[in-house]
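What the coordinates show
So the chains spell out like this:
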Amino acid sequence: MRTDQVPQDKSTTYAGHKKLLYAQDESGRYCGVQSSGWAVEAAATLDAVALYRERARQAWQEVHAGRKSPLYFHMHHCRMDLVLLSQLTGLWRWRVKRHFAPRVFARLSPAILARYAQAMDVSPAQLTQLPEQRP
Amino acid sequence: MNFQHRQSAHCESGVISSLLSHQGLSISEPMAFGLANALAFAYIPIVKIGGQPLVAYRLPPRAIIKGLCKRLGVGVKFHTFKSPMDAAEALDDCVARGQLVGLQTSVYYLPYFPEQMRFHFNAHNLLVYGKRDGVYQISDPVFEELMEIAPRDLNKARFVRGPLAPKGLMYTIDSVPSEIDYPRLIRQAIGKNMKVMTGAPLPVIGVRGIRHMAKKIEHLRGSEQDKRLYLGHIVRMQEEIGTGGAGFRFVYASFLQEAAQMLNDNALAEASQAMTDVGDLWREFAVAVVKECKSDRPIDRAGLAERLRVSAAAEAGVWDQLKRWHRG
């Protein structure tokens, strides 16, 4: 890649930051060049962000309808899945899955709730609630 | 502290080159990357990232720092902790002593990261160079400017569980050698890297790994949506912060160029040019994938696989060139 080929697409995913890439100048010497974004990379990133958002929206609906506990929504809202949440909290997968049931979730001990809250970086009180607005 | 922040392409090679340069052993990021024989390729289906296989374009986290320090004979101290309290105390001690400290953190819990880049990735490296008004002063190698972070957020980012859990990992440099035998070390590092890329006993590593991924793409099943997710994932693993497949090829090409100048060796300069071409092929691959994902037509799997095979062949060519150099 030549220095003048380094993409400068001002991607929103970089939020105004710049990334360093190595490229060759006219004489073929390598040097570091800042890039403000690349449309190709941004497309893939935004696809992933959109996917997580869609999952959170679906989860919100499920919880709103009373089929799932708020934990299910917060998990998706934090861009996690069952496997990751189980790894982050150190709880077995089947236990986490069980806590998706509203009745089981309502009886959770403060200790377990705190573990989820810590993994998701929210307060335990927030965890038991569903935001009013669908994300 | 009189500390010079340098932006770099990759967090781990950037952190270690800053750390060493701060200790008086001036080393560029590409040189650090190359001497750690860090270039690789691995397609690992049993490690899932967001439900998709792990595709790595360099050695696993920590391998760059460990490998480089071992090769150079640098004394580096690694510390992991059980309790976040101890970890925070140890960090404060080092900072109070005026030491430059490297940390492993999770991207998701670093507030200064752009919202859309905050995915769950546990092996991001950064440097702490001071503490002012109760806030840590951070030099994050992938950002152009210096950052600050509250102790609560930093502690959180250091103690995430899950895959590649940092366990509060903190590292400092004890001693640096006064003299380095670059010709010998460069030869060693290239020889080792050659083994990783062409001689691994598993079909999912090195050049064979690239061909393996081509085959996977060719035989991709499931709905169009699933295929798109899978291909998009490959591009993200290739280009986003912290990974950068094509980016790593350029870093390595830059290392080969630096080595060629240092040793006054034309064969290495040629290899550098060839590696640059490989990087360009990877970028073209990313462009092609995103184009396919965006169009309404069914995805041209064979075409994408073919492109990957071209990359694999080009990469194999570079290593052949280097093999001849290494032997001669």
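Residues numbered from 1 in each chain as written. Chains lettered and ligands numbered in written order. Predicted model: local features only at pLDDT ≥ 70, side-chain atom pairs only at ≥ 80, totals over all residues. Heavy atoms only, no water.

1. Describing the overall build of chain B
Scanning chain B for helices and strands turns up 11 helices and 8 strands. The C-alpha radius of gyration computed for chain B amounts to 20 Å, which stays within 12% of the reference 20 Å derived for 328 residues, consistent with globular compactness. Projected onto the principal axes, the alpha-carbon positions of chain B cover approximately 60 × 50 × 35 Å. In chain B, which comprises 328 residues, the share counted as buried stands at 57%. (Helix = DSSP H or I, 4+ residues; strand = E, 2+ residues; numbered from the N terminus. Rg over C-alpha atoms; globule rule 2.2 N^0.38 Å. Buried < 20%, exposed > 50% of the residue type's maximum accessible area, 1.4 Å probe, protein only.)

2. Comments concerning the overall build of chain A
Tallying secondary structure elements over chain A gives 7 helices and 2 strands in all. Secondary structure elements of chain A occur, N-terminal to C-terminal, as β-β-α-α-α-α-α-α-α. In terms of overall size, chain A is more extended than a compact globule, its C-alpha atoms giving a radius of gyration of 21 Å where 135 residues would be expected to give roughly 14 Å. Overall, the C-alpha framework of chain A stretches about 70 × 30 × 25 Å when taken along its three principal axes. A buried classification covers 47% of the 135 residues belonging to chain A. Pairs at least 24 apart in sequence give 51% of the contacts found in chain A among residues at least 6 apart. Accessible surface, chain A: about 7100 Å² in total, of which carbon and sulfur atoms supply 51%. (Contact = heavy atoms within 4.5 Å. Areas by Shrake-Rupley, 256 points an atom, 1.4 Å probe, with all protein chains shown as cover.)

3. Things to note about the interface of chain B and chain A
Interfaces are often sized by the amount of accessible area the parts lose when they come together. Opposite the 50 residues of chain B that make contact, chain A presents 41 residues. Where chain B abuts chain A, roughly 3900 Å² becomes buried across the two surfaces, and 54% of that area is made up of carbon and sulfur atoms. Area buried by chain B at its contact with chain A is led by Gln 116, Arg 161 and Arg 283 of chain B, which between them contribute 16% of it. Linking chain B with chain A are 2 salt bridges. Our enumeration of links across chain B and chain A arrives at 17 residue pairs in polar contact (both at pLDDT 80 or more). Elements with a minimum of two residues in the side of chain B that touches chain A: α2 (29-35), α5 (151-158), α8 (224-239), α9 (245-263) and α10 (266-294) of chain B. It is α10 of chain B that contributes the most residues to the side of chain B that touches chain A, 9 residues altogether. Each residue belonging to the side of chain B that touches chain A can be placed in one class, and the counts come to 22 nonpolar, 14 polar and 14 charged. (Buried area = accessible area lost by both parts, 1.4 Å probe. Salt bridge = Lys/Arg side-chain N within 4 Å of Asp/Glu carboxyl O. Polar contact = N/O pair within 3.5 Å; in protein donor to acceptor, adjacent residues only side chain to side chain. Nonpolar A, V, L, I, M, F, W, Y, C, P; charged D, E, K, R; others polar.)

4. Focus on the side chain of Arg 158 of chain B
All names here are of chain B. Take Arg 158: it is sitting in helix α5. One buried charged residue, Arg 158, forms no salt bridge at all, with the nearest opposite charge on Asp 92 at 7.5 Å. Among the polar contacts made by the side chain of Arg 158, one reaches the main-chain carbonyl oxygen of Ala 87 at a distance of 3.4 Å. (Lys, Arg positive; Asp, Glu negative; His and termini not counted.)

5. Quick look at the UniProt feature "domain: Butirosin biosynthesis protein H N-terminal" (unreviewed entry) in chain B
Following the UniProt record, the feature "domain: Butirosin biosynthesis protein H N-terminal" (unreviewed entry) maps to residues 10-141 of chain B here. As annotated, residues 10-141 of chain B has a helix share of 32% and a strand share of 32%, and its two end C-alpha atoms lie 7 Å apart. (UniProt positions renumbered as here; feature names shortened; annotations may be inferred.)

6. Brief notes about the sheet that holds strand β6 (residues 135-139) of chain B
Sheet strands pair via backbone hydrogen bonds, and the direction of the pair is either parallel or antiparallel. All names here are of chain B. Reading across the sheet, the 6 strands line up as β3-β8-β4-β5-β6-β7 and stay open at both edges, with antiparallel pairing between neighbours. The sheet terminates laterally at β3 (75-79) and β7 (147-149), the two strands that pair on one side only. Strand-to-strand, the axes of this sheet are offset by a mean angle of 35°, without reference to chain direction. Most of the contacts of helix α4 (residues 84-96) go to strand β5 (residues 124-132), to which it runs at about 60°, and overall it touches β4 (101-105), β5, β6 and β8 (170-175). The strands that α5 touches are β4, β5, β6, β7 and β8; relative to β4, the one it contacts most, it runs at about 65°. (Pairing = 2+ DSSP bridges. Axes fitted to C-alpha atoms, helices over the stretch in contact; angles between N-to-C directions.)

7. Here we look at the packing of helix α1 (residues 39-64) of chain A against α8 of chain B
Across the interface, α1 of chain A lies against α8 of chain B with an axial gap of 9 Å and an inter-helix angle of 125°. Classified by the angle between their axes, α1 of chain A and α8 of chain B sit oblique to one another. Every pair of crossing elements has a handedness; the one defined by α1 of chain A and α8 of chain B is left-handed. Of the residues in α8 of chain B, those touching α1 of chain A at Glu 41, Ala 44, Thr 45, Ala 48 and Leu 51 of chain A are Leu 229, Gly 232, Val 235, Arg 236 and Glu 239 of chain B. (Parallel < 35°, antiparallel > 145°, perpendicular 65-115°, else oblique. Left-handed = near helix turned anticlockwise from the far one by under 90°.)

8. Observations concerning helix α6 (residues 182-198) of chain B
In an α-helix, one turn spans 3.6 residues; hence positions three or four apart end up facing the same way. Under the 1.5 Å per step criterion, the end-to-end length of α6 of chain B is 24 Å for 17 residues, consistent within 8% with the ideal 24 Å. Every buried residue belonging to α6 of chain B is among Tyr 182, Leu 185, Ile 186, Ala 189, Ile 190, Gly 191, Asn 193, Met 194, Val 196 and Met 197 of chain B, and all of these are buried. (Expected span 1.5 Å × (residues − 1).)

9. Re the nonpolar core
Residue and element names in this part refer to chain B. Leu 35, Leu 72 and Trp 282 are the most contacted members of the largest nonpolar core, which totals 93 residues. Take this core: its biggest share by element is 12 residues, from α10. Sequence-distant contacts of Leu 35, that is, excluding residues within four places in its chain, are made with Ile 27, Leu 68, Arg 71, Leu 72, Tyr 182, Leu 185, Ile 186, Ala 189 and Phe 255. (Core = buried A, V, L, I, M, F, W, Y, C linked by side-chain atoms within 4.5 Å.)

10. Things to note about the pattern of salt bridges
For side chains bearing opposite charge, pairing can occur when the charged atoms are close. Tallying each qualifying case throughout the model produces 15 salt bridges over all chains. Glu 115 of chain B serves as the salt-bridge partner of Arg 79 of chain A, at 3.2 Å between the closest nitrogen and oxygen. Of this pair, Arg 79 of chain A sits in the loop between α2 (70-77) and α3 (82-89) while Glu 115 of chain B sits in the loop between β4 and β5, each in a different chain. For Arg 79 of chain A, a relative accessible area of 11% corresponds to the buried category. Asp 153 of chain B serves as the salt-bridge partner of Arg 152 of chain B, at 3.3 Å between the closest nitrogen and oxygen.

11. A word on the packing of α10 of chain B against helix α11 (residues 301-327) of chain B
Residues and elements named next belong to chain B. Viewed as axis vectors pointing N to C, α10 and α11 meet at an angle of 170°, and their least axial separation amounts to 9 Å. The pairing of α10 with α11 is recorded here as roughly antiparallel in orientation. Its residues assigned to classes, the contact of α10 with α11 comprises 19 nonpolar, 2 polar and 5 charged.

12. Some points on the packing of aromatic side chains
Residue and element names in this part refer to chain B. If you walk through the whole model with that rule in mind, you get 16 aromatic pairs over all chains. The interplanar angle of 55° and the centroid separation of 5.2 Å between the aromatic rings of Tyr 252 and Phe 255 together place this pair among those described as tilted. In this pair, Tyr 252 and Phe 255 both sit in helix α9, 3 residues apart, roughly one turn of the helix. With 6.1 Å between their ring centres and 90° between their planes, Trp 282 and Phe 285 make a pair best called edge-to-face. Remark: Phe 285 and Trp 282 occur in helix α10; sequence separation between them is 3 residues, near one turn of the helix. For Trp 282, a relative accessible area of 0% corresponds to the buried category. Three or more aromatic residues joined by ring pairs make a cluster, and in this case those are Phe 41, Tyr 57, Trp 282 and Phe 285. The ring centre of Trp 325 lies 4.5 Å from the NZ or CZ of Arg 187, which sits over that ring. (Phe/Tyr/Trp six-rings, centres within 6.5 Å; stacked < 30°, edge-to-face > 60°. Lys NZ or Arg CZ within 6 Å of the ring centre and 35° of its normal.)

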